[in-house]
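This is what each chain is made of:
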Amino acid sequence: MKIGILTGGGDCPGLNSVIRAVVRKAANEGQSVVGLRYGWKGLLEKDCVSLDLRSVSGILPKGGTILGTSRTNPYKKEGGVELAKKNFRELGLDALVAIGGEDTLGVATKLSTEGLNIVGVPKTIDNDLGATDFTFGFDTSVNIVMECIDRLHTTAESHNRIMVVEVMGRHAGWIAAYAGIAGGADYILIPEIPIEIEEVCESIKKRHQRGKNFSIVVVSEGAAFKDKDLFLQEQKLDEFGHVRLGGIGHVLGELIEKKTGFETRVTVLGHIQRGGSPSAFDRVLGTRFGVKAYDLIKSGDFGKMACLKGNEVVGVPLTEATAKLKTLDLKLYDIAKIFFC
Ligand code: F6P
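Residues numbered from 1 in each chain as written. Predicted model: local features only at pLDDT ≥ 70, side-chain atom pairs only at ≥ 80, totals over all residues. Heavy atoms only, no water.

**Focus: unusual backbone geometry**
Phi at K46 takes a positive value of approximately 50°, unusual for a residue other than glycine. Examined against the element boundaries, K46 turns out to sit in the loop between α2 (40–44) and β3 (48–51). Take K46: its relative accessible area is 36%, and that puts it in the partly exposed class. Non-glycine residue R170 carries a positive phi angle of around 55°. You can see R170 is positioned in the loop between β6 (162–167) and α7 (174–183). Classification of R170 as buried rests on a relative accessible area of 17%. (Helix = DSSP H or I, 4+ residues; strand = E, 2+ residues; numbered from the N terminus. Buried < 20%, exposed > 50% of the residue type's maximum accessible area, 1.4 Å probe, protein only.)

**What about the sheet that holds strand β2 (residues 32–36)?**
One open sheet accounts for seven strands, arranged β3-β2-β1-β4-β5-β12-β13; its pairing is mixed. Each edge of the sheet is formed by a strand with only one pairing partner; in this case those strands are β3 and β13 (312–317). Across the sheet, the axes of successive neighbouring strands diverge by a mean angle of 30°, strand direction being ignored. Relative to β2, strand β1 (residues 2–7) runs parallel, the two sharing four bridges. Considered in β2, the bridge of I5 is made with G35. In the packing of helix α5 (residues 102–113) onto the sheet, the strands contacted are β1, β4 (95–100), β5 (118–122) and β12 (304–309), and the crossing angle to β5 comes to about 160°. (Pairing = 2+ DSSP bridges. Axes fitted to C-alpha atoms, helices over the stretch in contact; angles between N-to-C directions. Contact = heavy atoms within 4.5 Å.)

**Considerations on helix α8 (residues 197–209)**
With 13 residues, α8 ought to run about 18 Å at 1.5 Å a step, and its terminal C-alpha atoms sit 18 Å apart, in line with that. Of the residues making up α8, those classed as buried are I197, V200, C201, S203, I204, R207 and H208. Taken down its axis, α8 places every buried residue within 160° of arc, on the same side. Exposed side chains of α8 directed beyond 90 degrees from the buried face belong to K206 and Q209. The secondary structure elements touched by the buried residues of α8 are β6, β7 (187–189), β8 (215–220) and α9 (248–260). Just past α8, the residue G211 takes up positive phi, approximately 105°. (Expected span 1.5 Å × (residues − 1). Arc of directions from axis to C-beta.)

**Some details on the site of the ligand**
Residues in close proximity to the ligand include R71, I125, D126, M168, G169, R170, E221, H271 and R274, which together make up its full environment. The separation between an oxygen atom of the ligand and a polar main-chain atom of G169 is 3.1 Å. Between E221 and the ligand, the recorded distance is 2.6 Å, taken from a side-chain N or O atom to an oxygen atom. When the ligand sits alone it has 400 Å² of accessible area, and the protein chains cover 83% of it. In terms of residue class, the shell around the ligand is made up of two nonpolar, two polar and five charged. Taken domain by domain, the shell around the ligand gets at least three of its residues from each of domain 1 (2–136 + 278–321) and domain 2 (138–275). (Near = heavy atom within 4 Å. Polar contact = N/O pair within 3.5 Å; in protein donor to acceptor, adjacent residues only side chain to side chain. Areas by Shrake-Rupley, 256 points an atom, 1.4 Å probe, with all protein chains shown as cover. Nonpolar A, V, L, I, M, F, W, Y, C, P; charged D, E, K, R; others polar. Domains from an automatic or database assignment.)

Written out as structure tokens, the structure reads:
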């Protein structure tokens, strides 16, 4: 067998664990693997590199992806789908592992219904993919944000300040909620629930009345005020129709300072949340997903995605993974709220 593998969309820690697992398992069984560079772009341009034991040696602790990534959408290119199908044949691929989030897996789903042998692996720091309990990348990201919140605590306390921390997550509040709870945030704002600024400020004032001289507010980049638009870094859409979110932190910071009278500072964590070495959890999850992807291919179970259900890694139809955005489980937010103010 000749297996192709690609990584598409935003990078995240753990991608290399999947690549390594697929290559190692394939090598154990005498099969060959080629990496397509820069996501679907690699398939459209036949830009590939052969992957053997040497190419994956030492990549487990490395962040990012050794294959490179892009947000290329074959369905947005003139003749893109036909070209993808032709190149798949010409490269002699028996199967392809597509590692990505909703966009990359959305393309995988469609190409698979067109007859290409594809299996998916879910990745994203946002943890917003259906079908799987967790995506790899999320745990590392949460740990980075938690550490930043810990650090912000000491400077906030020394200066009697409010610290607003803007985190990623797109339209789901997973990173904000998990990292906020883990870091002991005093308020957490998520895309799933509109921001009530008066409530936020009242809660901060109450906290200060009971003797605390600082507060930490975590806000997700996709959070917004009731009936108001999202905050965007730019209006331009990418090939999958996504805007670049960002900016709510500064707006919120200004409002909080004005309404409470407490000095406020804003930290936008940005791509720090996606960089660097994966956590142990993400390395193990990525490895398990990679092995599962190989096993799905071996058994001819195409059109499926490896995913985590409880503590089992199973295969589910790709269509399930991309059908609906998995927003934050609000039971978790109820727990977070216990610690507000
Ligand atoms: O989907 C992952 C993610 O990191 C989001 O949390 C964020 O909104 C987006 O990607 C940023 O993407 P870019 O790589 O275009 O800056």
